[in-house]
Amino acid sequence: MRTIDKRLKVTRRNFLKSGAAAAGVTALATGTVVIDPNGAWAMSAKTLKPDTMVTLVRMARDLYPHDRLGDIHYARAIEPYDAKAGADETLKRLIEEGISGLNQAAQAKHASPYAAVAEEGDRVALLKSMEATPFFQKIRGDMVVAVYNQPEVWTKLGYEGSSAEHGGYIHRGFDDIDWLKDA
Amino acid sequence: MAAKFDLNDDGVVVIVGSGAGGGTLGNELAQKGVKVVVLEAGPRVEMEEFVNNEWESFSQISWLDKRTTSGSWRVAKDFAGLPAWIVKAVGGSTIHWAGASLRFQEHEFKTRTHYGELAGANLLDWPITLAELEPYYAKAEYKMGVTGTNGIPRLPGNNNYKVLAAGAKALGYKEFHSGNMAINSQERDNRASCQQIGFCFQGCKSGAKWSTLMAEIPKGEDTGNLEVRSDAQVIKIEHDASGKVTGVLYGDKAGNVMRQKARVVAVAGNSIESPRLLLNSASTMFPDGLANSSGQVGRNYMRHTTGSVYAVFENPVHMYRGTTMAGIVRDEAKLDTSRGFAGGYEMETLSLGVPFMAAFLDPGAWGRGFTSALDGYDHMAGMWIVGEDMPRETNRISLHATEKDKFGMPIPNVHFDDHPNDVAMRNHAFKQGSALYDAVGATRTIHTPPYPSTHNMGTNRMSAKASDGVINKHGQAHDIKNLFVSDGSQFTTGAACNPTLTIVSLAIRQAEFIADQMGKREI
Ligand SMILES: Cc1cc2nc3c(=O)[nH]c(=O)nc-3n(C[C@H](O)[C@H](O)[C@H](O)COP(=O)(O)OP(=O)(O)OC[C@H]3O[C@@H](n4cnc5c(N)ncnc54)[C@H](O)[C@@H]3O)c2cc1C
Ligand code: SF4
């Protein structure tokens, strides 16, 4: 049966915005560039706080953890919030207050901001305690779309996406299952 | 050449909606020389413009105007603003549909007789029988090129089907195959053969799948008797002092309200919009809405008892390759009350791409329990359950008290509570679905709750007596001779099968009746 190569091609696109080299937060003319502590992604934040972006990316992974997905895919899902928050004061407040609430809860329990809480289980418990809040529901509802609407994520999960331009699957394994004993 | 009729032409039949019911009726009447104007709320999107991308396609063709929900059904919680997943475009939901084309069973036209009096269910026998509809089923199957009928070979089974079939066999089921599908397994009727593209729900890009957009409407237009006016949302049906309908008011793309006169009006906006339009057409003469002397307009809303079972296997399946609905098991569709419920259900393969799978697999879920299932996406097989749900008077479409759309028309609210019979059936189907996949070695099965309704039925039901329903056996309003209902809202009860073949058959039959009555100047 035809299986899929789930490796992603190495591209410069591993950085959302090119030109970012060192980890940390750099101020540029275009806005503040937020760089992931591990250097996996970088994005500019004009409206939301740099720390907020880092925390949201952590939260996105904790909501929908796939060990085979790099942080870049979560960062891509989060990135549009900055522009949206720039155009929508209510959203900006919802996010900043939500993240600040999450950090306060993390500080109270683990004496650390959320993104720095070491154990996934501890972070999940913090999220669980906020599950009913509009902030949590908003981020979860957006992430279940944004994380899974990326062609590179499809490749990683073994989904091939658009097929009409390849002539469908009629000659590409629509019926090639080979392990059923009695089909 | 497509016709163009004058707004003041009061000799035309106006059809509201261009989907399975409206599009078919329009072509059938045009073939008989009747002048027809189809008013369609959505745009005309042609095959070349369809996209193999779930969310992009969703925003391209779905009905996204605001609706509200109420009731204890899970859709009201998971998708409060999206009770139904249907199309707003020329072709209606036949653009989305998977193509499964099944006939009702005989007893399913007589549920009150066979199921008896069920508390909390408003069961009623249809005013027509299977025998009466059979010739029209045959015409519809021929028209739509349904596989497994008229000597048309069935489609080859894809991977998802092969898993289903192996499980069905292991469980001892007898009646399973790759379906009766309105999808070309070979070139036919100037449409191509299926390329196993796998985006049937997103509008088939090869034209293999029958739709009113690809088949009925162009043929009707070729007669010179049919005009399809897109971006035309009908807001109100008007009538004269004698109670006969005279035409409709509709909003056009520019936001203007236009009046199209008519000799006959046929409503085919799908089961949420059709009753909404009748209710919104209330007047001093008809204070409760048009055709509503029975009080049944908007009531008995049915959506089929549904749910999905997805199973993860040790080895890859790649269920998304090829037709979305690639096969069916029919053994549970029979009437057998020893299972603890009336009616029956079909199991039909179903596949979603990663974007929709994430949204629908377990709405609201997050964390590793959820993501570990998606990690097995390419090892998944899936089925959809389609069971007969019980009509209930309280399950209904009503007009929102305060909220209005851009033309000032009150938005619809969709209220639904599962009947205990629906719940018992769904649980049975979940159990059987899991057993089927377990029999071929599933390492995990997942019970997915209902999606927003794709099958919407019953809100202008057919009845023998005027006091029991909205329309007679020809889809003609009991109260108003030149007003018809032509879509799935006609269904008295829903049967254990997908509705479209029956909608198309009824439309073919109705066209004969309307042409005959016009000829006799009865209407
Ligand atoms: C994803 C999916 C898969 C499906 N698969 C199957 C299947 O395999 N087999 C099956 O039998 N059925 C299937 N169905 C169901 C099938 O599509 C519907 O049952 C059928 O199309 C309903 O026909 P209809 O005429 O009632 O309404 P529709 O086909 O929905 O047509 C209604 C049309 O009316 C228009 N309209 C509404 N209100 C107005 C107004 N006020 N003015 C003007 N126009 C208006 C709408 O825009 C729409 O175009 C599926 C549906 C979906 C969504
Ligand atoms: S699988 Fe067949 S019917 Fe479905 S979209 Fe592809 S070509 Fe069309």
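Computed from a prediction, not measured in an experiment: that's the story for all the values here. (Residues numbered from 1 in each chain as written. Chains lettered and ligands numbered in written order. Predicted model: local features only at pLDDT ≥ 70, side-chain atom pairs only at ≥ 80, totals over all residues. Heavy atoms only, no water.)

Considerations on the packing of aromatic side chains
Tallied over the full model, the rule gives 29 aromatic pairs over all chains. Relative to Phe370(B), the ring of Tyr64(A) lies with its centre 5.6 Å away and its plane at 65°, an arrangement referred to as edge-to-face. With Tyr64(A) in the loop between helix H1 (50-63) and helix H2 (71-78) and Phe370(B) in helix H10 (residues 368-375), the pair connects residues from two separate chains. Classification of Phe370(B) by relative accessible area gives buried; the value is 5%. (Phe/Tyr/Trp six-rings, centres within 6.5 Å; stacked < 30°, edge-to-face > 60°. Helix = DSSP H or I, 4+ residues; strand = E, 2+ residues; numbered from the N terminus. Buried < 20%, exposed > 50% of the residue type's maximum accessible area, 1.4 Å probe, protein only.)

Thoughts on the interface of chain B and chain A
Facing the 43 residues of chain B at the interface are 46 residues of chain A. Here chain B and chain A share an interface that buries about 3,700 Å² over both sides, 60% of which is from carbon and sulfur atoms. The three residues of chain B that bury the most area against chain A are Arg321(B), Trp366(B) and Arg368(B), which together make up 22% of that side's buried surface. Between chain B and chain A we count six salt bridges in total. Run the count over chain B and chain A and you get 27 residue pairs in polar contact (both at pLDDT 80 or more). Elements represented by at least two residues in the side of chain B that touches chain A include exactly helix H2 (54-61), helix H6 (159-171), helix H9 (354-360) and H10 of chain B. Partitioned by chemical class, the residues of the side of chain B that touches chain A number 21 nonpolar, 14 polar and eight charged. (Contact = heavy atoms within 4.5 Å. Buried area = accessible area lost by both parts, 1.4 Å probe. Salt bridge = Lys/Arg side-chain N within 4 Å of Asp/Glu carboxyl O. Polar contact = N/O pair within 3.5 Å; in protein donor to acceptor, adjacent residues only side chain to side chain. Nonpolar A, V, L, I, M, F, W, Y, C, P; charged D, E, K, R; others polar.)

What to know about the UniProt feature "domain: Glucose-methanol-choline oxidoreductase C-terminal" (unreviewed entry) in chain B
What UniProt calls "domain: Glucose-methanol-choline oxidoreductase C-terminal" (unreviewed entry) maps, in this numbering, to residues 391-507 of chain B. Between the C-alpha atoms that bound residues 391-507 of chain B the distance is 22 Å, and the span itself is 23% helix and 20% strand. (UniProt positions renumbered as here; feature names shortened; annotations may be inferred.)

Thoughts on the pattern of salt bridges
Oppositely charged side chains are able to pair whenever their charged atoms sit close together. The final tally for this structure, using the stated rule, is 40 salt bridges over all chains. Across the salt bridge formed by Arg276(B) and Glu273(B), the nearest N and O atoms sit 2.7 Å from each other. On the criterion of helical spacing, the pair formed by Arg276(B) and Glu273(B) is a turn pair, its members being three residues apart in helix H8 (residues 270-280). Glu273(B) matches Arg276(B) in its accessibility class, with the two residues each being buried. What emerges from the salt-bridge pattern is a single network uniting Arg2(A), Glu160(A), Asp176(A) and Arg321(B).

Points about the site of ligand 1
All names here are of chain B. Near ligand 1 there are 39 residues, and of these Glu 40, Trp 85, Ser 93, Asn 270 and Thr 500 occur at the shortest range. Here a nitrogen atom of ligand 1 and a backbone polar atom of Val 234 are 2.9 Å apart. The separation between an oxygen atom of ligand 1 and a polar main-chain atom of Thr 500 is 2.8 Å. Using a 2 Å cut-off from the grid points, one finds that ligand 1 occupies the largest cavity. Of all the secondary-structure elements, those providing two or more residues to the shell around ligand 1 are helix H1 (20-31), strand S6 (233-239), H8 and helix H12 (500-519). Split by residue class, the shell around ligand 1 holds 18 nonpolar, 17 polar and four charged. (Near = heavy atom within 4 Å. 1 Å grid on protein atoms, 1.4 Å probe; cavity = no way out; pocket = protein on both sides within 12 Å on 5 of 7 lines; lining within 4 Å. Sits in = over half its atoms within 2 Å of the grid points.)

Looking at H8(B)
All names here are of chain B. In terms of burial, H8 is a largely internal element, eleven of the eleven residues being buried. Along H8, the residues classified as buried are Asn 270, Ser 271, Ile 272, Glu 273, Ser 274, Pro 275, Arg 276, Leu 277, Leu 278, Leu 279 and Asn 280. Taken together, the buried residues of H8 touch strand S1 (13-16), S6, strand S9 (264-267), strand S14 (396-404), strand S15 (410-415) and strand S17 (483-485).

A look at the site of ligand 2
Residue and element names in this part refer to chain B. Inspection of the region around ligand 2 gives Ile 183, Cys 194, Gln 195, Gln 196, Ile 197, Gly 198, Phe 199, Cys 200, Cys 204, Ser 206 and Thr 323 as its neighbouring residues. Put simply, ligand 2 lies in the second largest cavity. Of the residues contributing to the shell around ligand 2, the split by class is six nonpolar, five polar and no charged.

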